[in-house]
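Remarks on the overall topology
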Amino acid sequence: MDVIWQGLKEGFLLIVAMDPELVHITLLSIQVSVSALLLAAIMGIPLGTVLALKEFPGRKTLLNITYTFMGLPPVLAGLLVFLFLSTSGPFGYFQLMFTPTAMIIAQVLLGFPIVCGLTARAVMAQPQEVFDTAATLGATRRQASWAIIRESRMGIIAALTTALGRLIAEVGAVMMVGGNIKGETRVLTTSIVLETRMGNDSSALAIGMVLLLIAFLIMLLILSLEKRTFTDERRIQIV
Amino acid sequence: MNAEFKLFNISKSYGQREVLNIDNLEIGGGRIYCILGPNGAGKTTLFRIMSLLTLNDTGKMHILGEEVTWQKSQVVRLRRQMAMVTQTSFMFEGSVYYNVAYGLRVRKTAAAEEKRIVNESLELLGMMDFINQQARNLSGGERQKVAIARALAVKPRVLFLDEPTSNIDPASALDIEHYIQYINKEMGTTIIMVTHNLFQARRLSEEIFFMWEGRIIEKGETQKLFDNAQDKRTRSFIKGEIVF
Ligand SMILES: Nc1ncnc2c1ncn2[C@@H]1O[C@H](COP(=O)(O)OP(=O)(O)OP(=O)(O)O)[C@@H](O)[C@H]1O
Ligand SMILES: [Mg+2]
């Protein structure tokens, strides 16, 4: 119990003191995970929509592969990126190993299937009437597809929050391709691992608190995006 | 004169079941037409094919002077001259205004014009008070009225109405009937409607098509068909002998 108390206290002090190292680590965490999320969204939302709406051979297989990759273990994502980026790998020339860029690439690999798969599910959950209504009002196929995406936005935002939750909290991939180098690739999760290994349990816990706080703030930001589009939030009433 | 719709041998099956089989159907245009028939007769399916929402399995169609090739640009061009109030009056997530403006936005109508037309359409259906409400929170009848306003906003040449007053109270239904007559007479809009209300069919339509198990088994001028139906099934349907 003492450790927990100590950790909470330390965490509070760390946050209040704005310890420069912690600030740096926190900013890098946000930078890596949010960049990865944005890239995953830029590719995942359109691709998920295409998988949901367009009929083409291999569509089911691609969907199943996407769903499978939603469970990709972070260390495996790290390993894959490592194999491609290490000096002997095909992209070794760019010397990206142990840089934030490598960490972002590994996290895109983790986030993309989640955004793509959950977007596809959200779009497929829409009733036929969305298309019918848009089409009978004169929408082109592209305009009608937009209408369907618009109707799916709650599900798409859920996809983004789910992906972000996974990215900001994962340690396997960033550790493997980032290397937890102090001042360069150290992020919140890898610091927690390090502090725990060194026996500084309360410090580890303190950093964990910061991580949760950041996660909370980013989720709030994404959810506020949703609020802006939903002037009047509708939910099922259970009485 | 060229008919607005000409259908030859149009059929549609779901799995093994044939739900539509039309040998020959011509709808001249300019009038109010009613399609009658029991549940599952294929009325909505016929609407969906005529409004190019569902592909027919066999046959040929001429719509608004063009032979339907299902070429993308043709589909949009033809659809933009038609509008439909579907049986479910589906509403997009968003305000009543957004819903009624949708058809104008996809046509890139200027903002001021859009606003004017939306107001005018809602005004006609007596729905102005609801303009900023969430469309999905409306009652069934209110939704139908908004769906009608939404379809009218695009000023279609042909308007399909799939049971447009099924959830509407008798007084409002009469108002809507008058309005349907008004846009038919004053704006020359061809109205093709499905209704289960035989009185309504009689009051509104000039021509009737009677459907049974995917086929049109009788057609003709409304008065004649009501007074002197040829087919036994039509006669008993009109007399209300068939209970569903
Ligand atoms: N997408 C579909 N898949 C399978 N069967 C369908 C589909 N759409 C329609 N059907 C079937 O086709 C038949 C005709 O349906 P349709 O909706 O055209 O009937 P309707 O005449 O409009 O009936 P109602 O008066 O109940 O609206 C029905 O038996 C229905 O079950
Ligand atoms: Mg129907």
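Residues numbered from 1 in each chain as written. Chains lettered and ligands numbered in written order. Predicted model: local features only at pLDDT ≥ 70, side-chain atom pairs only at ≥ 80, totals over all residues. Heavy atoms only, no water.

1. Description of helix 4 (residues 111–124) of chain B
Residues and elements named next belong to chain B. The end-to-end C-alpha distance of helix 4 is 20 Å, a good match for the 20 Å that 14 residues give at a rise of 1.5 Å each. Residues of helix 4 that are buried: Glu114, Ile117, Val118, Ser121 and Leu122. Along the axis of helix 4, the buried positions cluster into a sector of 125 degrees, meaning they face one direction only. Among the exposed residues of helix 4, those pointing more than 90 degrees away from its buried face are Ala112, Lys115 and Glu123. (Helix = DSSP H or I, 4+ residues; strand = E, 2+ residues; numbered from the N terminus. Expected span 1.5 Å × (residues − 1). Buried < 20%, exposed > 50% of the residue type's maximum accessible area, 1.4 Å probe, protein only. Arc of directions from axis to C-beta.)

2. Focus on the layout of surface pockets
Counted as a void, the largest pocket has a volume near 1400 Å³. Around the largest pocket, the lining is made up of 39 residues, and of these Leu53, Phe131, Arg141, Ser145 and Ile148 of chain A lie nearest the centre. Breaking the lining of the largest pocket down by element, the ones donating at least two residues are helix 2 (20–53), helix 5 (100–124), helix 6 (128–136), helix 7 (141–151), helix 8 (153–169) and helix 11 (201–229) of chain A together with helix 2 (72–79) of chain B. Broken down by element, the residue count for the lining of the largest pocket peaks at eight residues, all from helix 7 of chain A. (1 Å grid on protein atoms, 1.4 Å probe; cavity = no way out; pocket = protein on both sides within 12 Å on 5 of 7 lines; lining within 4 Å. Points joined across faces, edges and corners; volume = space filled by probe spheres on them.)

3. Details of empty space enclosed by the protein
All names here are of chain A. All told, the structure shown has two cavities of 30 Å³ or more when counted by the stated rule. Size it by volume and the largest cavity reaches roughly 60 Å³. Ser29, Val32, Ser33, Gln107, Leu167, Ile168, Glu170, Val174, Val187, Leu188 and Thr189 together form the lining of the largest cavity. Elements that contribute at least two residues to the lining of the largest cavity include exactly helix 2, helix 8 and helix 10 (188–197). The element best represented in the lining of the largest cavity is helix 2, accounting for three residues. Tallied by class, residues from the lining of the largest cavity come to six nonpolar, four polar and one charged. Counted as a void, the second largest cavity has a volume near 30 Å³. (Nonpolar A, V, L, I, M, F, W, Y, C, P; charged D, E, K, R; others polar.)

4. A look at the interface of chain B and chain A
On the side of chain A, 25 residues touch chain B, which itself brings 26 residues to the contact. Here chain B packs against chain A, burying approximately 2200 Å² in sum over the two surfaces, 55% of which is carbon and sulfur. Its largest share of buried area at the contact with chain A, chain B owes to Phe90, Glu93 and Tyr102 of chain B, together 25% of the area lost on that side. Where chain B touches chain A, the interface holds two salt bridges. Of the charged contacts in the structure, one is a salt bridge between Arg48 of chain B and Asp132 of chain A, with a shortest N-O distance of 2.8 Å. The interface formed by chain B and chain A contains ten residue pairs in polar contact (both at pLDDT 80 or more). Contributions of two or more residues to the side of chain B that touches chain A are made by helix 2, strand 6 (82–85), helix 3 (96–106) and helix 5 (140–153) of chain B. Per-element accounting of the side of chain B that touches chain A gives the leading share, four residues, to helix 3 of chain B. (Contact = heavy atoms within 4.5 Å. Buried area = accessible area lost by both parts, 1.4 Å probe. Salt bridge = Lys/Arg side-chain N within 4 Å of Asp/Glu carboxyl O. Polar contact = N/O pair within 3.5 Å; in protein donor to acceptor, adjacent residues only side chain to side chain.)

5. Examining the side chain of Ser152 of chain A
Residue and element names in this part refer to chain A. Structurally, the position occupied by Ser152 is in the loop between helix 7 and helix 8. Judged by relative accessible area, Ser152 falls into the buried class, the value being 1%. In contact with Ser152, other than residues within four places in its own chain, are Ala122, Val123 and Gln126.

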